[in-house]
Amino acid sequence: MCGIVGYIGNLQAASVLLNGLKRLEYRGYDSAGISLLEYGKFENLKKVGKVSVLESMFDEHEFNSTLGIAHTRWATHGEPNDVNAHPHQDNSGKISLVHNGIIENYSSLKAQLMKSGYNFLSETDSEVLAVFIGSLYEKFGDFEKAVRLALMEVRGTFGITVLCSDDPDCLIAARRGSPLIFGVGDGEYIVASDASAIIQYTRSVVYLNDNEMAVIRRNGYTTKTIQNEEIIKQVNQIEFELESIEKGGFEHFMLKEIFEQAKTVKDSMRGRLLPDEGKVRLGGLLPVMEQLRNAKRIIITACGTSWHSALVGEYIIESLAQIPVEVEYASEFRYRNPVILPNDLVIAISQSGETADTLAAIREASQKGATVIGIVNVVGSTIARETQAGIYLHAGPEIGVASTKAFTSQIVVLSLIGIMLGRMRNLSATDGKSLVRELMSLPEKIDRMLENTSSILQIAESYKKNKNFLYLGRGYNFPAALEGALKLKEISYIHAEGYPAAEMKHGPIALIDENMPVVFIATKDEIYEKVISNIEEVSARRGKIIAIATEGDESIKKWAKHVIYIPETIPMFIPILAAIPMQLLAYHIAVKLGRDVDKPRNLAKSVTVE
Ligand code: G6P
């Protein structure tokens, strides 16, 4: 949600910043802008639309500046237009700022500043911060002090990068609640919302924590708290490779990420399975082993796709470990004074590790004394750092806004937790061994499934014009159905609902006629017969059935107009396999409708505002 880049060094800043914006565009893409400090004054370009629109403006300009900031926006205050786009300047034109987050007390600050004679061009909270910093600079003549004093005054969240035209060798970055890191190069520094904008230039990065700022000059930097206490920060190394954030020959990141899943599922379990003992080893959980042993209840909290994997996790953990599990939308958990008992274990799931709602939920849980662990993909992200222990997905960077490979890896990791907790309790070594064996067989099954996906293309062609879809499943396949529907909604803008298959008769059945495609996850398991009854109910009302079925199940063709086969596995792992054809179905429908698959409208990859 909003991408920030800042550069200070010896290269031409414009091209570094544009490259960075392109890498960060998945964070927000309703408008983009850039400020370059050249010959003592700012050159500002900003434009509604994607980064490519901003880039085309560069054809008419040549910039030699080596200091600049840039932003790609996901609107919170003020509609997406040129004026509301960042960077924002103060009234004197000496301060230029990009901001991610929400300044909660912006209207009172704005009123105060207006009373003192300051003007505003945009409707944004961010411009208020720029003008506020400018007013303090006017008063004290000290850029750093002006930024610090302003940040001490504002409520809400920010990741900011700010420049002052009187000081052409200084860039200030600060954060509270919105991610911000900076890359440390040789005489050059790049500030960004995440590592993908930095890796092309350097692997060495410093992660800022809340209420910290960096004052960066070409010959070095200092880090301090907003209260002005100096702090020494560790320099970390980025682990992923540049190729992992490039499309690698695929038309879209989403398609690449779908096709990566045999590998990413494998990477999520690599080094963690002990097949001979029927156990798993999760090094990241070592600090909380005692609490895991004593856990009496688990609360899993997450948003979006991660919330769906949490639901699958609930079924898996309850079945394997017989510990009660509750799944909570992070946004709800935070604001309803939840009951946290001694021996409660809270698990936060987040691909990005930066989702504001999930972060707020873990802070709430920690404050109430819970043991909090994270299942996170992005290494070094805020949730990863703020949880007591955790397990990384190791799925590699996920750039497509609609989550795909993170979902399957999250279920793998939840299964590993289920096995671990189960083996600490009553799960037998024999059952542990067969679960581990089954997990190990999944990558090959995914590979096989992805070898031939032509039937999905045909189904996409047949139903691309439909306005509504239903996705149904029972047991483990119910949350998988929710995820299937979410994928279609997110990237094709077709209305789709996921439902427990049997619950359909209590409402959604009224929607079924010959215009309603119904995706059934109807795999061979202990409730297969029951699902077939639900299929018959839909078929009797002339709904168009698309079945995701187990290889070899010929009889399902009696009811289903289309069948997508997936390899056989045990019921709890079916969502891992079933997710993939549903991702592809959503993908192909969206492509056929001409949607921007990697950057669907109104969405952002990591939602860093509550
Ligand atoms: C956004 C994304 C979703 C994602 C959700 C949770 O809404 O568009 O794809 O599932 O955030 O993100 P997280 O990074 O916490 O898993």
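These figures come from a predicted structure and were not determined experimentally.

(A) Fine view of the pairing of strand β1 (residues 3-8). In terms of burial, β1 is largely enclosed, as six of its six residues are buried. Burial of β1 is two-sided: the residues Gly3, Val5 and Tyr7 facing one way and the residues Ile4, Gly6 and Ile8 facing the other way are all buried. Of the pairings in the sheet, the one linking β1 to strand β4 (residues 67-73) comprises six bridges and is antiparallel in character. Directly across from Gly6, in β4, lies its bridge partner Ile69.

(B) The site of the ligand, seen in detail. Inspection of the region around the ligand gives 14 residues, with Ser306, Ser350, Gln351, Ser352 and Thr355 positioned closest. A distance of 2.7 Å separates an oxygen atom of the ligand from a polar backbone atom of Gln351. One of the side-chain nitrogen or oxygen atoms of Thr355 is found 2.4 Å away from an oxygen atom of the ligand. About the coverage of the ligand: the protein hides 90% of its 390 Å² of free accessible area. The site holding the ligand turns out to be the second largest pocket. Take the shell around the ligand: its biggest share by element is three residues, from helix α9 (residues 304-321). A breakdown of the residues in the shell around the ligand according to their chemical character gives four nonpolar, eight polar and two charged.

(C) The arrangement of the sheet that holds strand β18 (residues 297-302) in detail. Read across the sheet, five strands follow the order β19-β18-β20-β21-β22 without closing on themselves; strand pairing throughout is parallel. This sheet does not close on itself; its edge strands, each paired only once, are β19 (325-329) and β22 (389-392). Across the sheet, the mean angle separating the axes of adjacent strands is 20° when strand polarity is ignored. In this structure, strand β21 (residues 371-376) lies alongside β22, joined through four bridges in parallel fashion. Paired with Ile373 across the bridge in β22 is Ala389. The strands touched by helix α11 (residues 356-367) are β18, β20 (344-350) and β21; relative to β20, the strand with the most contacts, the crossing angle is about 165°.

(D) Here's a closer look at unusual backbone geometry. Here the residue pair His86 and Pro87 is connected by a cis peptide bond, since its omega of -5° sits within 30 degrees of zero. Along the chain, Pro87 turns up in the loop between β4 and β5 (88-89). You will see that Tyr39, though not glycine, has its phi angle at about 50°, which is positive. Phi angles above zero are rare outside glycine, and Asn211 is one such case at about 65°. With respect to the helices, strands and loops of the structure, Asn211 is situated in the loop between β11 (204-207) and β12 (212-217).

(E) Empty space enclosed by the protein, seen in detail. The full count for this structure, using the stated rule, is two cavities of 30 Å³ or more. In this structure, the largest cavity occupies an estimated 90 Å³ of space. Around the largest cavity sit 15 residues that line it, and Cys2, Thr76, His86, Gly101 and Ser126 are the ones nearest its centre. Listing elements by their share of the lining of the largest cavity, those giving two or more residues are β4, β6 (95-100) and α4 (125-140). For the lining of the largest cavity, the per-class residue count stands at four nonpolar, nine polar and two charged. Estimated volume of the second largest cavity: approximately 40 Å³. Together, Thr523, Lys524, Thr550, Ile566, Pro567, Glu568, Thr569 and Ile574 line the second largest cavity. Broken down by class, the residue content of the lining of the second largest cavity amounts to three nonpolar, three polar and two charged.

(F) Region of interest: the packing of helix α13 (residues 405-424) against helix α14 (residues 429-451). Across the interface, α13 lies against α14 with an axial gap of 10 Å and an inter-helix angle of 170°. Between α13 and α14, the crossing angle belongs to the class labelled roughly antiparallel. Contacts between α13 and α14 involve Ser415, Leu416, Ile419 and Arg423 from the first element and Ala429, Gly432, Leu435, Val436 and Leu439 from the second. For the contact of α13 with α14, the residue count by class is six nonpolar, two polar and one charged.

The rules behind these values
- Per chain, residues are indexed from 1 in the order of the written sequence.
- With the structure being a predicted model, the display of local features is reserved for residues of pLDDT at least 70 and the display and counting of side-chain atom pairs for 80 or more, all residues being used for whole-chain, interface and lining totals.
- Working from all heavy atoms in the structure, the side-chain values ignore hydrogens and water.
- Per-residue accessibility, obtained with a 1.4 Å probe over protein chains only, is compared with the maximum for each type, and a residue is labelled buried under 20%, exposed over 50%, and partly exposed between these values.
- Per the convention used, a helix needs a DSSP run of H or I reaching at least four residues, while a strand needs a run of E reaching at least two, with both numbered from the N terminus.
- DSSP bridges decide pairing: two strands pair if at least two such bridges lie between them.
- Residues are counted as near a molecule or strand when any one of their heavy atoms sits within 4 Å of it.
- N or O atoms within 3.5 Å of each other form a polar contact, as long as, within protein, one can give a hydrogen and the other can take it, and as long as residues adjacent in sequence are counted only when both atoms are side-chain atoms.
- Values of accessible area rely on a 1.4 Å probe in the Shrake-Rupley scheme; residue burial ignores everything except the protein chains shown.
- As defined here, a cavity is a set of points on a 1 Å grid over the protein atoms alone where a 1.4 Å probe fits but cannot get out. A pocket is an open set with protein on both sides within 12 Å along at least five of seven lines, and residues line them when an atom is within 4 Å of a point.
- In this description, a molecule resides in a pocket or cavity if more than half of its atoms sit within 2 Å of the grid points defining it.
- Gly falls in the polar group here, along with every residue not listed as nonpolar (Ala, Val, Leu, Ile, Met, Phe, Trp, Tyr, Cys, Pro) or charged (Asp, Glu, Lys, Arg).
- All axes here are fitted lines through C-alpha atoms, helices being fitted over the stretch that makes contact, and every angle between N-to-C directions spans 0 to 180 degrees.
- Only heavy atoms enter the contact rule, under which two residues are in contact if any of them lie within 4.5 Å.
- Grid points are joined across faces, edges and corners, and a volume is the space filled by probe spheres set on the points.
- Reported orientations rely on four angle classes, namely roughly parallel under 35 degrees, roughly antiparallel over 145, roughly perpendicular from 65 to 115, and oblique for the rest.

Interpretation note: all reported values are geometric properties and have no functional meaning in isolation.
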